[in-house]
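The primary structure of each chain is shown beneath.
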Amino acid sequence: MGRMMHGWLSVLLATGFAIGCGGQPTKPDGTGGTGGAGGATGAGGAGEEAPPPPPVKKEAKELFDNAAKVQSENPERAIEMLKDAVDEDPALGPAYFNIGVLYERMGKMDEAREWYRKATEKGYGSGQSNLGVLLEKEGRRGEAIGAFNQAVQAHPLNGPANLNLALEHRQQKQWAEAVKRVRTALKEDSQNVDAYEVLAKIYYDLGRYELAKLVCFTGIKIDEKAAGIHNILGLVYLKLDDVTRALGSFEQAVAADPTYVPAHMNIGAITFSYRDYETALKHFDAVLQQQPKNITALLSRAVAARGLERFDEAEAGYKKVIELDADNVGAHYNLGILYQEYTQKLDQALASFEQVLRHESRDADLRKDVTQRIQAVRIQIQNLKELEEMQKKEAQQAPPPAEG
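Everything quoted here is computed from the prediction, not taken from an experiment.

Trainee: Mind showing me how you'd approach the overall build of the chain here?
Mentor: Of regular secondary structure, the chain possesses 19 helices and two strands. Expressed as a percentage of the 404 residues in the chain, the buried residues total 46%. Long-range pairs, those at least 24 residues apart, make up 49% of the contacts in the chain with a sequence separation of at least 6. Carbon together with sulfur atoms contributes 50% to the accessible area of the chain, which is approximately 20,800 Å² in total.

Trainee: When you look at the packing of aromatic side chains in this model, what are you seeing that I'm missing?
Mentor: Between two aromatic rings, the relevant description is the distance of the centres plus the angle of the planes. Applying the stated criterion across every chain yields a total of six aromatic pairs. Judged by centre distance (5.7 Å) and plane angle (45°), the rings of F97 and Y116 are tilted. You can see F97 sitting in helix α3 (residues 93-105) and its partner Y116 sitting in helix α4 (residues 109-121), a full 19 residues away along the chain. Across the pair, Y116 and F97 agree in class, each one buried. In this structure, K118 is placed above the aromatic ring of W115, and the distance from its NZ or CZ to the ring centre is 3.9 Å.

Trainee: I tried to follow helix α9 (residues 193-205) on my own but got confused; where do I start?
Mentor: Structural remark: α-helix, 3.6 residues per turn; residues separated by three or four positions point the same way. The terminal C-alpha atoms of α9 lie 19 Å apart, and with 13 residues this matches the ideal 18 Å at 1.5 Å per residue to within 8%. Across the 13 residues that make up α9, a large majority, eleven, are buried. Among the residues of α9, those classed as buried are V193, A195, Y196, E197, V198, L199, A200, K201, I202, Y203 and Y204. Buried residues along α9 sit against α7 (159-171), α8 (175-188), α10 (209-222) and α11 (227-239).

Trainee: Help me understand a nonpolar patch on the surface in this model?
Mentor: There is a patch of nonpolar side chains on the surface, built from L384, L387 and M390 and spanning about 270 Å² of accessible area. Within the fold, L384 resides in helix α19 (residues 364-397). Given the relative accessible area of 44%, L384 is considered partly exposed.

Trainee: So what exactly am I meant to see when it comes to the side chain of S352 here?
Mentor: On the secondary structure map, S352 appears in helix α18 (residues 346-359). Ignoring anything within four residues of it in the chain, the contact list for S352 reads H332, L335, G336 and Y339.

Trainee: Would you explain unusual backbone geometry in this entry?
Mentor: Trans is the prevailing form of peptide bonds, just as negative phi is the prevailing case for residues other than glycine. With phi around 60°, K173 is a residue other than glycine that occupies positive phi space. Looking at the element boundaries, K173 is found in the loop between α7 and α8. Phi at D241 is positive, roughly 60°, even though this residue is not glycine. Along the polypeptide, D241 turns up in the loop between α11 and α12 (243-256).

Trainee: Sorry, what's going on with the pattern of salt bridges here?
Mentor: For side chains of opposite charge, pairing can occur when their charged atoms come near one another. Here the structure, examined in full by the defined rule, presents 22 salt bridges. Between R301 and E313 there is a salt bridge, and its shortest N-O distance comes to 3.0 Å. With R301 in helix α15 (residues 295-307) and E313 in helix α16 (residues 311-324), this pair connects stretches of sequence that are twelve residues apart. By relative accessible area, R301 is classed as buried at 18%.

Trainee: I'm lost on the packing of helix α13 (residues 261-273) against helix α14 (residues 277-290) in this one. Help?
Mentor: A pair of packed helices can be characterised by two numbers: the angle between their axes and the separation between those axes. Viewed as axis vectors pointing N to C, α13 and α14 meet at an angle of 160°, and their least axial separation amounts to 8 Å. In terms of axis orientation, α13 runs roughly antiparallel to α14. The way α13 lies across α14 gives a crossing that is left-handed. Residues V261, H264, M265, I267, G268, A269, T271 and F272 of α13 touch α14, and the partners they reach there are Y277, T279, A280, H283, F284, A286, V287 and Q290. The class makeup of the residues in the contact of α13 with α14 is ten nonpolar, six polar and no charged.

Reading the values: rules and limits
- Residues numbered from 1 in each chain as written.
- Predicted model: local features only at pLDDT ≥ 70, side-chain atom pairs only at ≥ 80, totals over all residues.
- Heavy atoms only, no water.
- Helix = DSSP H or I, 4+ residues; strand = E, 2+ residues; numbered from the N terminus.
- Buried < 20%, exposed > 50% of the residue type's maximum accessible area, 1.4 Å probe, protein only.
- Contact = heavy atoms within 4.5 Å.
- Areas by Shrake-Rupley, 256 points an atom, 1.4 Å probe, with all protein chains shown as cover.
- Phe/Tyr/Trp six-rings, centres within 6.5 Å; stacked < 30°, edge-to-face > 60°.
- Lys NZ or Arg CZ within 6 Å of the ring centre and 35° of its normal.
- Expected span 1.5 Å × (residues − 1).
- Patch = residues over 30% accessible without salt bridge, like charges linked within 9 Å, V, L, I, M, F, W, Y side chains within 5 Å.
- Salt bridge = Lys/Arg side-chain N within 4 Å of Asp/Glu carboxyl O.
- Axes fitted to C-alpha atoms, helices over the stretch in contact; angles between N-to-C directions.
- Parallel < 35°, antiparallel > 145°, perpendicular 65-115°, else oblique.
- Left-handed = near helix turned anticlockwise from the far one by under 90°.
- Nonpolar A, V, L, I, M, F, W, Y, C, P; charged D, E, K, R; others polar.

In structure tokens, the structure reads:
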């Protein structure tokens, strides 16, 4: 699971309800949902009741609703409608936010950032949360954490911001703080499936597998198509030595979301370990459809192709990895194995193993194995040269063929 983000925000403006990315409706007082404007403990001070949102102008509501209808098929037209909506009603925070979402989907990150900031200015903390995710993707981690903190300062119960901070605490192994953040997100929305996924991961990291399993079951009851939770449950089953159930959970994850990369990778790894190379290759291909430059999937696919004796595919796969990551020890090593043991390209095997020694300095066992292989390959090359010279001499010393 990556950073928690809001997706397209559907808003029933007539009643002041909002539904964000699978969350629950925001109440008229601004609480609940997935980070709507205002909150019982928002900027007005802890424990103070936030005022209800102002009524939305009819024209703005119609434009907003129409944009929601066309946003999948015609995002450019949806953006135009939403901009018209904020012209009609400049206080309509969700419209600014949705413009940011659409620009992000279209890959226009500068515009997305601009509109997320505008949403934040209009009191919609989810804009700041999504801005943090964009910063995280750009490798600006410190700024991202700052954005999440700003989001929860403005709206303490903001679900995505709290969950992103929980993920940060988890990475730092600050378990108590991580759990606290998840529980805060659940105060906003007790049905927040992302929160259960993060909580399950925390308990998984702590080795509390039975508790992680129970959290997964709770999340799946809320949303049986929560691919991330099925995937975590599969990892839990692996830790409990129940490979059959683990595989079943991973399969449920990809059934719920055919684009869900981690589950495809896990199925590929399990089926590969059983020498079911065809199935493994299919799932690694599914990953590469989503992430063509996924180094692990490219390398795993190449090894599976080798298992199917599709040596040209395996060689091409290893070379693709090296093209993307010249220092990749696994690709150099497996390419050397392919040349040494399967295609008998000994000079190339030698070159590949030498690359392993060049790039790997810490794994003593691997260096020992490769050093031994280099010695073996050199002996093979020398033996072949001696055999060729012997055959050449024999051919020269052979009597000429008898004339008829």
